[in-house]
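# Structural characterization, general
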Amino acid sequence: MKGRLVAACALMVAIAVIIPATAWGQDASTPSSSAGADEPVTFTLGVVGELNSANPFKQIDTSEAFVGTLMYASLLRLAQKDYATEPELATEVPTQENGGISADGLTWTFHLRDGLTWSDGEPITAHDFVWTADFIMENEISSYIDGYRFTDSIEALDDQTIVWKTTRPTLVPGFPGYNLILPEHVWGKMSVKEIKEYENFPDPVVSGPFNLTEWNQAEYWAMDARPDYWEGDPTIQRLVFRNYNSDEAVVQALLKGAIDYSLVPTSDLYEAVKDRPGITAVTASAESFWQLSFNVVNEELTTALDASASTAHPAVLDPRVRQAVEYAIDRETLVDRVLQGYGSPGSTPIVPFYEEWHWQPPEDVYRSFDPAEANRMLDEAGYLDTDKDGIREMPEGGDPLQLRLYLATTDSDGLQAAPFIRGWLRDIGIDVSIKSMTDGKLYDDWYDYDWDMILYSWGTTPDPDFLLSTFTSGQCGYWSDTCYSNPEYDDLYKEQQTTLDPDARHEIVTQMQQMLYEDSPEIVLWYPNAFEAWRGDRWTGFLRWPEPDGLAFWYNVYSVQSVHPIEGAQLGGAEAGPAGWMWLVGAGALGGVLAAATSRRRRRANAYYV
């Protein structure tokens, strides 16, 4: 059973916390002495939730995606300043002007940088890229397969030259970070079954700037910088992610100086830390969204997946019911009461921050809060309360409209929003039971299709291709939240990948958003700002990705490579120290704000960057 990424992201958050070199008996509020000459410069983060996998084919959560980004580089990436496409392992971005794209648009040529090596010293070659691509295509690895659509062949002309031929002109080879590169001399020795079960630890062989060197799954994991990385040795030599069991513990550790950084999960906690001495706290642009997903998997899809039949209530298969639910939800109240105003009401999964691609439904189309319209639609569709108990029944009798709403216990914003949603749906005659559970249990039920509605979040990316792919029929059982299936949508997805004219592609992407909005497999509830906080009395050199208000450290490889200690600052050295639960003692210092803010991890940061 595959887990859930949630990319996550999302945008891409899962609070990280790392304990510095404090002795067991040492006051946690006092940082240890500056790292000595023989001690690595260590930056400590905190997370709520374990690292479940170091295998890029199995990484599905945002902390895993962050780790994957640090472990594996790609041919192209998104620039720090403005998200423009720039080369990473490749020497340049292929264009027709530089000869990287043929005149007919069917051949892309990539040249690798000189001197690239894997972490075991073996050279990174074009043959590694070809092996990885062939493995994904031959075995139809659906979480990655959309990155190779329309591929005719991928060949290594020599050790440093990749020739990628397509069956028609397409943008796909030029999407930054879309294509994974693994070392053939390691992974090529394994069977498909062995690869699926491979932990990729200890001693993973990686191409990125950091490698996973320690991993105690329940407590922490550590990554060491590669001194032989092509971009140079960063000041931070060790990253330690310490796993805590609550966000309150993470924030308390930050305030006490036990950690250096946290991606703050809620607006309440952000308000609690933003003006504290020694703390720098920032808001980041809204590059994620929260959605209410419906289980719309049909019998044909579950048969194709060889999966158990869906247990979804038949009412959620009716788009009229889904649209009525949307009319019943007051998004403005959710933004005000759950986010404390740090966000905006949602509409479509491509966030407004990416204004080039976002389609906002016009006022006469947008399903804003209107309980009367919700009741009218349900009445007209035949969902009536025939026994006068306040709950509607299926048309022509049958089961009452009693729906199950699932969410993760680590999602504070979701836990706050769920009772509002339950109350609003009760007002239109739909009974909702709320069940929160661990991430693992939620993922299991998700892929067993044993649910009606799920409240969750996604992180997104500047180009809409990946996010659009998650709604295609082939992603049911992989990246799709809902198992939405629409052949017309599938065709449009392929068409936007082969439309080279930006204006024409924009029209197709708009049409796809309109289709999703009309079919309503999910309701986009809000676009939240992200919050970050770090010890500004110790560290400097943070870069926003993108400028001016993108993420400052989380998922941001540029900051990981540029952040450095303030001269004379007292730093922590290693990850030694009490387990996360120890920091719960004394957490009352933050008062009721912390007590009210339970943990949340924003997830679903997608494989586009992995």
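Residues numbered from 1 in each chain as written. Predicted model: local features only at pLDDT ≥ 70, side-chain atom pairs only at ≥ 80, totals over all residues. Heavy atoms only, no water.

Before going further, it helps to spend a moment on the overall build of the chain. Along the backbone of the chain there are 18 helices and 20 strands. Evaluated residue by residue, the chain yields a buried proportion of 61% over its 610 residues. (Helix = DSSP H or I, 4+ residues; strand = E, 2+ residues; numbered from the N terminus. Buried < 20%, exposed > 50% of the residue type's maximum accessible area, 1.4 Å probe, protein only.)

Another point: the packing of aromatic side chains. Here the distance between the centres and the angle between the planes together describe a pair of aromatic rings. Overall, the coordinates contain 40 aromatic pairs when judged by the stated rule. Judged by centre distance (5.5 Å) and plane angle (50 degrees), the rings of Phe57 and Phe135 are tilted. One end of the pair, Phe57, is in the loop between β1 (42-47) and α1 (62-71); the other, Phe135, is in helix α2 (residues 126-138), with 78 residues separating them in the sequence. Relative to Phe531, the ring of Tyr342 has its centre 5.1 Å away and its plane inclined at 90 degrees; by these criteria the two rings are edge-to-face. Taken together, the residues Tyr342 in the loop between α10 (331-337) and β13 (343-345) and Phe531 in strand β18 (residues 530-535) connect sequence positions 189 residues apart. Chaining the aromatic ring pairs together yields one cluster made of Phe43, Tyr261, Trp534, Trp539, Phe542 and Phe553. Seen from the ring of Phe150, Arg168 lies directly overhead, with NZ or CZ sitting 5.3 Å from the centre. Just above the ring of Tyr406 sits the side chain of Lys435; from NZ or CZ to the centre is 6.0 Å. (Phe/Tyr/Trp six-rings, centres within 6.5 Å; stacked < 30°, edge-to-face > 60°. Lys NZ or Arg CZ within 6 Å of the ring centre and 35° of its normal.)

All right, on to empty space enclosed by the protein then. The calculated volume of the second largest cavity comes to roughly 90 Å³. The wall of the second largest cavity is formed by 14 residues, among which Ser347, Leu516, Tyr517, Glu522 and Val524 lie closest to the centre. Secondary-structure elements contributing two or more residues to the lining of the second largest cavity are α16 (502-519) and β17 (522-528). Looking at the lining of the second largest cavity element by element, the count peaks at three residues for β17. Tallied by class, residues from the lining of the second largest cavity come to seven nonpolar, three polar and four charged. (1 Å grid on protein atoms, 1.4 Å probe; cavity = no way out; pocket = protein on both sides within 12 Å on 5 of 7 lines; lining within 4 Å. Points joined across faces, edges and corners; volume = space filled by probe spheres on them. Nonpolar A, V, L, I, M, F, W, Y, C, P; charged D, E, K, R; others polar.)

Glancing now at the pattern of salt bridges. Side chains that differ in sign of charge can pair as their charged atoms come close. Tallied over the entire structure, the rule returns 22 salt bridges. Arg238 is paired through a salt bridge with Glu214; the nearest N and O atoms lie 2.9 Å apart. With a gap of 24 residues between them, Arg238 in strand β9 (residues 238-243) and Glu214 in strand β7 (residues 210-216) connect regions that are remote in the sequence. Looking at Arg238, the relative accessible area reads 11%, which means it is buried. Owing to a relative accessible area of 24%, Glu214 belongs among the partly exposed residues under this scheme. The closest approach of N and O atoms between Arg376 and Glu380, which form a salt bridge, is 3.0 Å. Remark: Glu380 and Arg376 occur in helix α11 (residues 371-380); sequence separation between them is four residues, near one turn of the helix. (Salt bridge = Lys/Arg side-chain N within 4 Å of Asp/Glu carboxyl O.)

Looking now at the packing of helix α9 (residues 319-328) against α11. Here α9 crosses α11 at 165 degrees, and the two axes come no closer than 7 Å. Considered as vectors, α9 and α11 are oriented roughly antiparallel to each other. When you trace α9 past α11, the crossing you get is left-handed. Along the contact surface, α9 presents Arg320, Val321, Gln323, Ala324, Tyr327 and Ala328, while α11 presents Pro371, Glu373, Ala374, Met377 and Leu378. (Axes fitted to C-alpha atoms, helices over the stretch in contact; angles between N-to-C directions. Parallel < 35°, antiparallel > 145°, perpendicular 65-115°, else oblique. Left-handed = near helix turned anticlockwise from the far one by under 90°. Contact = heavy atoms within 4.5 Å.)

A few words on the nonpolar core. Grouped together as the largest cluster of nonpolar side chains are 145 residues, with contacts concentrated most on Phe43, Phe57, Met223, Leu239, Leu292, Leu455 and Phe553. Top element by residues in this core is α2. It accounts for seven residues. Not counting residues within four places of it along the chain, the set of residues in contact with Phe553 comprises Phe43, Leu45, Phe66, Ile236, Leu239, Tyr261, Glu532, Phe542, Ser559, Val560 and Val563. In terms of nonpolar packing, the next biggest core, distinct from the first, is built from 19 residues, Val264, Ile279, Phe531 and Ala533 among them. (Core = buried A, V, L, I, M, F, W, Y, C linked by side-chain atoms within 4.5 Å.)

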